[in-house]
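Analysis of the macromolecular model
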Amino acid sequence: MELEDFKDWLFDVLNDADSDIIADIETDEKTNTFRLGMLGGGKFEIECRKL
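Scoring rules and cut-offs
Residues numbered from 1 in each chain as written. Predicted model: local features only at pLDDT ≥ 70, side-chain atom pairs only at ≥ 80, totals over all residues. Heavy atoms only, no water. Pairing = 2+ DSSP bridges. Helix = DSSP H or I, 4+ residues; strand = E, 2+ residues; numbered from the N terminus. Axes fitted to C-alpha atoms, helices over the stretch in contact; angles between N-to-C directions. Core = buried A, V, L, I, M, F, W, Y, C linked by side-chain atoms within 4.5 Å. Buried < 20%, exposed > 50% of the residue type's maximum accessible area, 1.4 Å probe, protein only. Contact = heavy atoms within 4.5 Å.

Digging into the sheet that holds strand S2 (residues 33-38)
Taken in spatial order, the 3 strands of this open sheet run S1-S2-S3, and their pairing is antiparallel. Each edge of the open sheet carries a strand with a single partner, namely strand S1 (22-28) and strand S3 (43-47). Averaged over all pairs of adjacent strands, the angle between strand axes in this sheet comes to 20 degrees, irrespective of strand direction.

Right, dumping it as structure tokens:
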């Protein structure tokens, strides 16, 4: 699996996740990151890279 395929899959998983938890998903193709805004106000970042 290539990095782009994995990022597409991960976005679909996050997007289909319970909307009671994730308020917003921002993607940054340049840095291969996803920024998740949670309903409680927390923010998390997921970085993707192929090993």
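Structure's up, so let's keep going.
A closer look at the nonpolar core
Judged by nonpolar contacts, Leu10, Leu14, Ile22, Ile25, Phe34, Leu36 and Cys48 together constitute the single largest core of 7 residues. Residue assignment for this core shows that the elements contributing at least two residues are helix H1 (3-16), S1 and S2. With residues near it in sequence (within four places) discarded, leucine 36 still touches Leu14, Asp24, Ile25, Gly42, Lys43, Phe44 and Ile46.

Remarks on the pairing of S1
In terms of strand pairing, S1 meets S2 through 6 bridges, oriented antiparallel. Following the sheet pairing, glutamate 26 is matched in S2 by arginine 35. Hairpin connection of S1 to S2: 4 residues between the antiparallel strands, including asparagine 32 at a positive phi of 55 degrees.

Notes on the environment of cysteine 48
Turning to its location among the elements, cysteine 48 is positioned in the segment after S3. Given the relative accessible area of 5%, cysteine 48 is considered buried. Linking cysteine 48 and leucine 3, residues 45 residues apart in sequence, is a C-alpha distance of 7.6 Å. Non-local contacts of cysteine 48, meaning those with residues more than four positions away in its chain, are made with Leu3, Phe6, Lys7, Leu10, Asn32 and Phe34.

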